[in-house]
Amino acid sequence: MPGTALIVIDMLSTYAHADAEALVPSVRDALPKITKLLEHARVSASPVVYVNDNFGEWRSHHGEILRAALAGRHADLVKPIAPDENSLFVVKARHSIFFETPLAYLLGQLGTERLVLCGQVTEQCVLYSALDAHIRHFDVVVAADGVAHIDAELAEAALRMMHSNMSAAICPVDDIAFDGRSTQ
């Protein structure tokens, strides 16, 4: 669909945080679907925007963040979804992809009206990002099987909230279209 961008949230991670071991199994489950989303967004020439924490390293840029993630404990979770040369990158410092970042401006320049969200963590950064996208009048789609969680119950509640309170479409990756075709 014209005006659709894929937003990959916080997938470039070193997994060196307190909740990492609870998160990793869910990331492993979501990884094939995120990979599929990336492939289909790229084939349809839809913008792919990685929005990632900088882990408090304020001098870092996307190359350094990627290198650190690839050198981390779970590089196998990063390699399959690493940005390509056409990917866009925005560094964030808090939960929302929009909080004090240039993302809204970038999406405006791209003519984006619809965001497909994937990544981690469903009950944290994905939830807050969906809310901020909704209040900025973007159509929001959350790839239900392309997001990873720390707490399964909170993740389910977050998905229900995104659907009920933010009018987000919550659907499997196979039902998400970028250029008018489903990803199947």
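Residues numbered from 1 in each chain as written. Predicted model: local features only at pLDDT ≥ 70, side-chain atom pairs only at ≥ 80, totals over all residues. Heavy atoms only, no water.

*Asks:* For this particular structure, what's the right way to read the overall build of the chain?
*Replies:* Scanning the chain for helices and strands turns up 5 helices and 6 strands. Going from the N terminus to the C terminus, the chain shows its helices and strands as β-α-β-α-β-α-β-α-β-α-β. Computed over its C-alpha atoms, the radius of gyration of the chain comes to 15 Å, within 12% of the 16 Å expected for a compact globule of 184 residues. If you line up the chain on its principal axes, its C-alpha atoms span 40 × 35 × 30 Å. Burial statistics for the chain: of 184 residues in total, 48% are counted as buried. For the chain, the share of sequence-separated contacts (at least 6 apart) that also reach a separation of at least 24 residues comes to 80%. (Helix = DSSP H or I, 4+ residues; strand = E, 2+ residues; numbered from the N terminus. Rg over C-alpha atoms; globule rule 2.2 N^0.38 Å. Buried < 20%, exposed > 50% of the residue type's maximum accessible area, 1.4 Å probe, protein only. Contact = heavy atoms within 4.5 Å.)

*Asks:* Just checking my understanding: could you explain the layout of surface pockets for this structure?
*Replies:* Using a probe with the size of a water molecule, rolled over the atoms, empty space left in the structure can be pinpointed. In this structure, the largest pocket encloses a volume near 330 Å³. In this structure, the largest pocket is lined by 18 residues; those nearest its centre are Asp10, His17, Asp53, Gln124 and Cys125. Within the lining of the largest pocket, the residues separate by chemical class into 7 nonpolar, 6 polar and 5 charged. (1 Å grid on protein atoms, 1.4 Å probe; cavity = no way out; pocket = protein on both sides within 12 Å on 5 of 7 lines; lining within 4 Å. Points joined across faces, edges and corners; volume = space filled by probe spheres on them. Nonpolar A, V, L, I, M, F, W, Y, C, P; charged D, E, K, R; others polar.)

*Asks:* For this particular structure, what's the right way to read the state of the cysteines?
*Replies:* A disulfide bridge is the covalent bond that connects two cysteines by way of their sulfur atoms. Tallying each qualifying case throughout the model produces 0 disulfides. The structure places no disulfide on cysteine 118, whose sulfur is separated from the nearest cysteine sulfur, that of cysteine 171, by 12 Å. For cysteine 118, a relative accessible area of 0% puts it in the buried group. On the accessibility criterion, cysteine 171 (16% relative accessible area) is buried. (Disulfide = S-S within 2.5 Å.)

*Asks:* Sorry, what's going on with unusual backbone geometry here?
*Replies:* Among all residues except glycine, the phi angle is most often negative; among peptide bonds, the trans geometry is most common. Glutamine 120 connects to valine 121 through a cis peptide bond whose omega is 0°. Mapping valine 121 onto the fold places it in the loop between β4 (114–120) and α4 (122–135). Of note in this structure, aspartate 10 is not a glycine but carries a positive phi near 55°. Mapped onto the elements of the fold, aspartate 10 is located in the loop between β1 (4–9) and α1 (20–43).

*Asks:* Just checking my understanding: could you explain the pattern of salt bridges for this structure?
*Replies:* Enumeration according to the criterion identifies 9 salt bridges in this entry. A salt bridge links lysine 92 to aspartate 53, with the nearest nitrogen and oxygen atoms 2.9 Å apart. Of this pair, lysine 92 sits in strand β3 (residues 88–92) while aspartate 53 sits in strand β2 (residues 48–53), and the two are 39 residues apart along the sequence. Overlapping salt bridges, with partners in common, bring together Lys33, Lys36, Asp145 and Asp174 in one network. (Salt bridge = Lys/Arg side-chain N within 4 Å of Asp/Glu carboxyl O.)

*Asks:* Mind showing me how you'd approach the packing of aromatic side chains here?
*Replies:* Between two aromatic rings, the relevant description is the distance of the centres plus the angle of the planes. Tallying each qualifying case throughout the model produces 1 aromatic pair. Between phenylalanine 98 and phenylalanine 138, the aromatic rings sit 5.9 Å apart at their centres with planes inclined by 25°, giving stacked as the arrangement. Linking phenylalanine 98 in the loop between β3 and α3 (103–110) with phenylalanine 138 in the loop between α4 and β5 (139–148), this pair joins segments that are 40 residues apart in sequence. Both residues of the pair, phenylalanine 98 and phenylalanine 138, count as buried. (Phe/Tyr/Trp six-rings, centres within 6.5 Å; stacked < 30°, edge-to-face > 60°.)

*Asks:* Explanation requested: the environment of arginine 28 in the structure shown.
*Replies:* On the secondary structure map, arginine 28 appears in helix α1. As for arginine 28 and leucine 77, which are separated by 49 residues in sequence, their C-alpha atoms are 6.9 Å apart. Each residue touching arginine 28, except ones within four places of it in the same chain, is listed here: His74, Asp76 and Leu77.

*Asks:* Whenever I open this one, the confidence of the model for the chain confuses me. Can you help?
*Replies:* Atomic detail in the predicted coordinates should be set aside for any region of low pLDDT. Per-residue confidence for the chain gives a mean pLDDT of 92; residues scoring 70 or more make up 92%. Here residues 180–184 scores under 50 on pLDDT; set against residues more than four positions off or in separate chains, the count is 15 contacts. (pLDDT = per-residue confidence, 0-100.)

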